[in-house]
Amino acid sequence: MDFGIGFLSNNVMLPIIDFFYGIVPSYGLAIVALTLIIRFALYPLSAGSIRNMRKMRIVQPLMQKRMAEIKERYKDDPQKQQEEMVSVQKEFGNPLAGCLPLLLQMPVLLALFATLRGSPFAGVNYSVNLQIFPSEQIERIQPQAFATAPQNIYIADGERTRVTAILPAGNKLAVGEQTKIQYQTLEGKPFQLLLAEHPENNLLPQWKITKGEERIKIDAEGNIEALEPGDVTIQGTIPGLAADKGFLFIDALGRVGAIDPDGQVHWDIVSMIVFFGISLYVSQLLSGQNSSGGNPQQDTVNKITPVIFSGMFLFFPLPAGVLMYMVIGNIFQTLQTYILSREPLPEELQKIVATQEKEVTAEQKSLPFEPKSSKKKTTG
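Asker: Give a description of the nonpolar core that names residues and reports values.
Answerer: Core analysis: the biggest nonpolar cluster contains 65 residues, and Tyr27, Leu130, Phe191 and Ile234 have the highest contact counts within it. The greatest single-element share of this core, amounting to seven residues, is contributed by helix α10 (residues 320-341). Beyond its immediate chain neighbours, meaning those up to four positions away, Tyr27 contacts Ile17, Tyr21, Pro120, Phe121, Tyr154, Ala156, Asp157, Gly158, Leu241, Ala242, Lys245 and Leu253.

Rendered as structure tokens:
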């Protein structure tokens, strides 16, 4: 169940990429254009969530005060207490109402994320699960053809097709049996023919045994020989057409990780991770999420949250193209938050803000002078 993510990716995201690549042959610009189009399309939903957060931040102190009064007044009448609390929520609004726009836009954003993690920006992985049996048992097993889920593969600039990995004789083998993993389109055209039509792109599949390495042998062409009984998993990868192509300061859109195993640091990815954290912090400031009401523990959590989220990409690395999308999306979100924070508040919220400001001003005027007046009395 992908909640329509695959449909959105195949029928919305990839056609937009193809369209913009046809105008300006740059996959980096195609990522920028795709991200902005999706963000503008989701602007109304996101705006509703931001406005609700702004409203709840203003009414929350008054709402909490009313709730406390109701609990005290009707502490012996739970039913009446619940009715009054529901009435207060209707008056001020439900704090969870802002979550609905976020939930509605999540499938679209996940589809965008999934699109940028696949071809042409990164290699596409196929997982082939095998079962190897002793020769005397395989005769009792009915052979059945095996095929993985099809995935979009760019075989040339602006040219893509759906490709699946298949085992015509099935994924249940006898010890000593040989077979071959084949790629083909949904129409049955062998992937090797597609490669022959575009030899300049060098999209030769790669193979890696991720489970049961001692039970099987596989060569560069995908030929398999079963060695001993057990379960085996093979990961086949078709390289991304644009994985090694750069954009602006990014060396390769498909590069994964800020630090190579040999210790080489990729500063283009490091800079995007840092910028992601900064943009997240600025967005928090503008949305008021950093307002903790004087709670030092909450202040600390708010400050380290951007560090934790951006630091995650060092331990759970993403392709550079995906990081670029996330940075662009964050900048867009920050600008949207800034614009909406400048909107005039509705009249009823303006009254609440005015009342809160009067209370704060009264406290600031009275509290600082109280110790001084008492001190004068004691010295006099």
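On we go.
Asker: So what's going on with unusual backbone geometry? Which residues, and what values?
Answerer: Apart from glycine, the bulk of residues carry a negative phi angle, and the bulk of peptide bonds sit in the trans form. For Leu248, which is not a glycine, the phi torsion comes out positive at approximately 55°. Within the secondary structure, Leu248 is located in the loop between β11 (230-238) and α8 (267-287).

Asker: Explain the pattern of salt bridges to me, and be specific about the residues and the numbers.
Answerer: Going through the model one piece at a time under the given rule, you end up with four salt bridges. Its salt-bridge partner being Glu197, residue Lys189 comes within 2.7 Å of it at the nearest N-O pair. Here Lys189 falls in the partly exposed class, since its relative accessible area comes to 31%. With its nearest N and O atoms 3.8 Å apart, the salt bridge here joins Glu214 to Arg215.

Asker: For the side chain of Arg39, give the residues involved together with the corresponding values.
Answerer: Position of Arg39 among the secondary structure elements: in helix α2 (residues 27-41). Taking the relative accessible area as the measure of exposure, Arg39 reaches 15% and is therefore buried. Residues in contact with Arg39, not counting those within four places in the same chain, are Leu109, Gly329, Phe332 and Gln333.

Asker: Residues and numbers for the packing of aromatic side chains, please.
Answerer: Aromatic rings considered in pairs are described by the distance between their centres and by the relative angle of their planes. By the definition in use, this model includes nine aromatic pairs. Taken together, a centroid distance of 6.4 Å and an interplanar angle of 90° make the contact between Tyr43 and Phe332 edge-to-face. Residue Tyr43 is found in helix α3 (residues 43-73), and its partner Phe332 is found in helix α10; the two are separated by 289 residues along the sequence. Since its relative accessible area comes to 24%, Tyr43 is described here as partly exposed. Accessibility expressed as a relative area gives 11% for Phe332, which makes it buried. An aromatic cluster is defined as three or more aromatic residues linked by ring pairs; in this entry it consists of Tyr21, Tyr27, Phe121 and Tyr154.

Asker: Before we move on, can you summarise the environment of Arg162 with the specific residues and values?
Answerer: Tracing the backbone through its elements, the reader meets Arg162 in strand β4 (residues 159-167). A relative accessible area of 28% places Arg162 in the partly exposed class. When near neighbours in sequence (up to four residues on either side) are disregarded, Arg162 contacts Asn10, Pro150, Gln151, Asn152, Gln184, Thr185 and Leu186.

Asker: Let's hear about the environment of Ser127: which residues, and what values?
Answerer: Within the element layout of this structure, Ser127 appears in strand β1 (residues 124-133). Measuring from C-alpha to C-alpha, the distance between Ser127 and Ala147 comes to 10.0 Å, with 20 residues separating the pair along the chain. Sequence-distant contacts of Ser127, defined by excluding residues within four places in its chain, comprise Phe146, Thr148, Thr233 and Ile234.

Asker: Run through the sheet that holds β1, naming residues and quoting values.
Answerer: On the basis of which strands lie adjacent, the open sheet formed by four strands has the order β5-β1-β11-β8 and mixed pairing. Edge positions in the sheet fall to β5 (172-174) and β8 (206-211), since each of these pairs with one other strand and no more. Going across the sheet, the axis of each strand differs from the next one's by a mean of 35°, ignoring polarity. Relative to β11, β8 runs antiparallel, the two being bridged by five bridges.

Asker: Lay out the packing of helix α1 (residues 5-23) against α2 with the relevant residues and their values.
Answerer: Running from amino to carboxyl end, α1 crosses α2 at an angle of 130°, the nearest separation of the two axes being 9 Å. Comparing their axes, α2 and α1 come out oblique. Crossing angle aside, the handedness with which α1 passes α2 is right-handed. Where α1 approaches α2, its residues Met13, Ile16, Ile17, Phe20 and Tyr21 are matched on the opposing element by Tyr27, Ala30, Ala33, Leu34, Ile37 and Ile38. Considered class by class, the residues forming the contact of α1 with α2 number eleven nonpolar, no polar and no charged.

Asker: Give a description of the sheet that holds strand β10 (residues 223-226) that names residues and reports values.
Answerer: Where strands meet in a sheet, backbone hydrogen bonds hold them as pairs that are either parallel or antiparallel. The sheet built from three strands is open, its strands ordered β6-β10-β9 with antiparallel pairing. For this open sheet the edge positions go to β6 (178-180) and β9 (216-218), each flanked by a neighbour on one side alone. Taking each pair of neighbouring strands and ignoring which way they run, the sheet shows an average axis angle of 25°. Relative to β10, β9 runs antiparallel, the two being bridged by three bridges. Counted as the bridge partner of Ile218 is Ile224 from β10.

Asker: I'd like a description of the side chain of Asn152, backed by residues and values.
Answerer: With respect to the element layout, Asn152 can be found in strand β3 (residues 151-156). Judged by its relative accessible area of 11%, Asn152 is buried. Here Arg160 takes part through its side chain, which lies 3.5 Å from a polar atom of the side chain of Asn152. What Asn152 contacts, discounting residues up to four positions off in sequence, is Asn10, Leu14, Ser119, Val124, Arg160, Thr161 and Arg162.

Asker: Tell me what's going on with the layout of surface pockets, and back it up with residues and numbers.
Answerer: Approximately 820 Å³ is the volume found for the second largest pocket. The wall of the second largest pocket is formed by 35 residues, among which Arg117, Gly118, Ser119, Gly123 and Val124 lie closest to the centre. Contributing elements (two or more residues each) for the lining of the second largest pocket: α1, α5 (99-116), β1 and β3. Taken together, the residues of the lining of the second largest pocket break down into 14 nonpolar, 16 polar and five charged.

Reading the values: rules and limits
Position numbers for residues start from 1 in each chain and track the written sequence from start to end. Reporting in this predicted model follows two pLDDT cut-offs: at least 70 for local features of residues, and 80 or more for side-chain atom pairs to be given and counted; totals over whole chains, interfaces and linings ignore these cut-offs and use all residues. Here the side-chain values reflect all heavy atoms present in the structure, with hydrogen atoms and water set aside. Here, nonpolar core means buried Ala, Val, Leu, Ile, Met, Phe, Trp, Tyr and Cys residues that are tied together by side-chain atoms lying within 4.5 Å of each other. Burial status follows relative accessibility: with a 1.4 Å probe on protein chains alone, a residue under 20% of its type maximum counts as buried, one over 50% as exposed, and anything between as partly exposed. In this text, helices come from DSSP runs of H or I with a minimum length of four residues, and strands from runs of E with a minimum of two, each type numbered from the N-terminal end. Throughout, a residue-residue contact means that at least one pair of heavy atoms, one from each residue, lies within 4.5 Å. Whenever a carboxyl oxygen of Asp or Glu lies within 4 Å of a side-chain nitrogen of Lys or Arg, that contact is scored as a salt bridge. Here a pair means two rings of Phe, Tyr or Trp (six-membered ring of Trp) with centres within 6.5 Å. Their orientation is stacked below 30 degrees between planes, edge-to-face above 60, and tilted elsewhere. Any two strands are treated as partners once DSSP identifies two or more bridges connecting them. Fitted lines through C-alpha atoms serve as axes, helices being fitted only where they are in contact, and the angles separating the N-to-C directions of these axes extend from 0 to 180 degrees. For this classification, under 35 degrees means roughly parallel, over 145 means roughly antiparallel, 65 to 115 means roughly perpendicular, and everything else is oblique. Crossing handedness: left-handed means the near helix sits turned counterclockwise from the far one by under a right angle, and right-handed means the same turn made clockwise. The nonpolar class holds Ala, Val, Leu, Ile, Met, Phe, Trp, Tyr, Cys and Pro. Asp, Glu, Lys and Arg form the charged class, and all remaining residues, Gly among them, are polar. In protein, a polar contact requires one atom able to donate a hydrogen and another able to accept it; more generally it is a pair of N or O atoms within 3.5 Å, and residues adjacent in sequence count only if both atoms are side-chain atoms. The rule is simple: put a 1 Å grid over the protein atoms alone, call a set of points where a 1.4 Å probe fits but cannot get out a cavity, call an open set with protein on both sides within 12 Å along at least five of seven lines a pocket, and count a residue as lining if it has an atom within 4 Å of a point. Grid points are joined across faces, edges and corners, and a volume is the space filled by probe spheres set on the points.

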